[in-house]
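Analysis of the macromolecular model
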Protein chains: 2
Amino acid sequence: MTKSLSAELWPDVQPDAARRLMLAGVESFAQRGYHATTTRDIATKAGMSPAALYVHFPSKAALLFAISRSGHQQALDLVRTAAESADAPVDAMREIVKRFVAWHARRHTIARVVQYEIGALPDEEYRVVAELRRDIERIVQDLVLAGQHSGDFTVSDARIAARAVLSLGVDVARWYTERSRTSPDELGARYGELALRMLGADPTRSSS
Amino acid sequence: MTKSLSAELWPDVQPDAARRLMLAGVESFAQRGYHATTTRDIATKAGMSPAALYVHFPSKAALLFAISRSGHQQALDLVRTAAESADAPVDAMREIVKRFVAWHARRHTIARVVQYEIGALPDEEYRVVAELRRDIERIVQDLVLAGQHSGDFTVSDARIAARAVLSLGVDVARWYTERSRTSPDELGARYGELALRMLGADPTRSSS
């Protein structure tokens, strides 16, 4: 079970032991926080010795970085693909919010670690992740600006509006659980409507 | 400085030593997480002995509970007062979002501890805090419903919409820093507009 989940989460990571350590890291960090977790805790959870962990990750920080970079990269890929899925700003924005929200609901444990433990990254690693975050914000902000130019969106400050759109998605990871009544995809669809209205667009009308 | 800040944050808490411990707790938990912080860390930060901490708080969990309950109570008071400040749903909702957002920006360090360490509370203490959270959600949800009835708001699901409104505010605590370009009050005003539009209301028109 753990094996198939970790393969689903990180299809690009090899070997399987590295993926299992990433999953154990996510669960440990989410439960007790990065600083309260030892490499021994993580190795034990993954069914390995602490020495075996170091074969794959030179440090606890390196493991957090792998988790954080991969999570941010997945979010960026998803936002970029959604932005390119439609020409009309209204349709592209709806897709971004739908997928971004659904991802934060479905992957809420990973997303919490990715979002809340970012301050624990060493400086150099932090800069790499911060660049991915800026890329995500830039795509959303450019789309808000494009929608302003096309007359689909009316907002007084594109930067603040773009951040608010992303906030809606990120915060889902904080409260979403497996017991939540709304499915990730359904929540994404509802939030897509809310975000479009927030930007001054009519979500019941497609502009394509 | 620390003394005056802690008195401003918790005017109802006595004596000053207890307030200083709460402030030291907030700073330590925000920095390293609840589980990685010892009562010795907190006492040292507050300039006291570990024994002196136990005079005011029987445990680390009791200190977290004091911080968490007080933070939630302040947020609830602020939301309730804002809701009662206007009869028209549009005006009341604008006030709620303005104040709730400004509070999460101004008190972002406390808010992070309050929001992200809630899982570390013991069961009984968790229930007390969860009740305060439900009260906050109920006020916002009732106002969304009132606005639907009056024809000011048009949303497909009041519960999801109310949660999204609160998410906008809560997530401000995650990214807001003293270096943020927008002041807490200005951010509150902008988010007030965004939230009203999200609910299908025209923020440029007052309904009072």
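Being a predicted model, the structure only gives us computed values, none of them experimental. (Residues numbered from 1 in each chain as written. Chains lettered and ligands numbered in written order. Predicted model: local features only at pLDDT ≥ 70, side-chain atom pairs only at ≥ 80, totals over all residues. Heavy atoms only, no water.)

Secondary structure summary: chain A contains 10 helices and zero strands in total. Computed over the C-alpha atoms, the radius of gyration of chain A is 18 Å, within 12% of the 17 Å expected from 2.2 N^0.38 for a compact globule of 208 residues. Expressed as lengths along the three principal axes of its C-alpha atoms, the size of chain A is roughly 60 × 35 × 25 Å. Residues counted as buried form 54% of the 208 residues belonging to chain A. Of the contacts formed within chain A by residues at least 6 apart in sequence, a portion of 66% connects residues at least 24 apart. Carbon and sulfur atoms provide 48% of the accessible area of chain A, an area that totals close to 9300 Å². If the 27 positive side-chain charges of chain A are averaged to one point and the 26 negative ones to another, these points end up 6 Å apart. (Helix = DSSP H or I, 4+ residues; strand = E, 2+ residues; numbered from the N terminus. Rg over C-alpha atoms; globule rule 2.2 N^0.38 Å. Buried < 20%, exposed > 50% of the residue type's maximum accessible area, 1.4 Å probe, protein only. Contact = heavy atoms within 4.5 Å. Areas by Shrake-Rupley, 256 points an atom, 1.4 Å probe, with all protein chains shown as cover. Lys, Arg positive; Asp, Glu negative; His and termini not counted. Charge placed at Lys NZ, Arg CZ, Asp CG, Glu CD.)

The next point concerns the interface of chain A and chain B. On the chain B side, the residues contacting the 33 residues of chain A number 33 residues. Where chain A meets chain B, there are two salt bridges. The interface formed by chain A and chain B contains 10 residue pairs in polar contact (both at pLDDT 80 or more). If you list the elements that add at least two residues to the side of chain A that touches chain B, you get α2 (16–32), α7 (108–116), α9 (158–175) and α10 (184–198) of chain A. Of the residues in the side of chain A that touches chain B, the class split is 14 nonpolar, eight polar and 11 charged. (Salt bridge = Lys/Arg side-chain N within 4 Å of Asp/Glu carboxyl O. Polar contact = N/O pair within 3.5 Å; in protein donor to acceptor, adjacent residues only side chain to side chain. Nonpolar A, V, L, I, M, F, W, Y, C, P; charged D, E, K, R; others polar.)

Before going further, it helps to examine the domain arrangement of chain A. Residues and elements named next belong to chain A. In terms of domains, chain A is made up of domain 1 (2–57) and domain 2 (61–198). Across the contact, 14 residues belong to domain 1 and 14 residues belong to domain 2. For the interface between domain 1 and domain 2, the tally reads one salt bridge. With its nearest N and O atoms 2.9 Å apart, the salt bridge here joins E8 to R107. Looking at the side of domain 1 that touches domain 2, the elements with two or more residues in it are α1 (2–9) and α2. (Domains from an automatic or database assignment.)

Per the UniProt annotation, the sites labelled "domain: HTH tetR-type" (unreviewed entry) are residues 15–75 of chain A. The straight-line gap between the two end C-alpha atoms of residues 15–75 of chain A is 23 Å; of that span, 77% is helix and 0% is strand. (UniProt positions renumbered as here; feature names shortened; annotations may be inferred.)

On to the pattern of salt bridges, then. All names here are of chain A. Inspection of the entire model under this criterion finds 26 salt bridges over all chains. Between R19 and D16 there is a salt bridge, and its shortest N-O distance comes to 3.3 Å. Remark: D16 and R19 occur in helix α2; sequence separation between them is three residues, near one turn of the helix. We note that R19, like D16, is buried. Here the salt bridges do not stand alone but share partners, grouping E131, R134, D135 and R138 into one network.

Under the criterion given, the structure shown has five aromatic pairs over all chains. An angle of 50 degrees between the planes, with centres 5.9 Å apart, marks the rings of W175(A) and Y176(A) as tilted. Residue W175(A) shares its accessibility class with Y176(A), and that shared class is buried. If you follow R163(A) out to its NZ or CZ, it ends over the ring of W175(B), 4.3 Å from the centre. (Phe/Tyr/Trp six-rings, centres within 6.5 Å; stacked < 30°, edge-to-face > 60°. Lys NZ or Arg CZ within 6 Å of the ring centre and 35° of its normal.)

Least-squares fitting of chain A to chain B yields an RMSD of 0.0 Å, with the transformation described by 0.0 Å of translation along the axis and a rotation of 180 degrees. In symmetry terms, the pair is related by a two-fold rotation axis. Of the interface residues in chain A, 100% have counterparts in chain B that sit at the interface too, so the contact is made through matching surfaces. (Least-squares fit on C-alpha atoms with pLDDT ≥ 70 in both.)

Residue and element names in this part refer to chain A. Turning to its location among the elements, R20 is positioned in helix α2. Sequence separation between R20 and L76 is 56 residues, and the spatial gap between their C-alpha atoms is 23 Å. Once residues within four sequence positions are removed from consideration, R20 is found in contact with S6, A46, G47 and M48.

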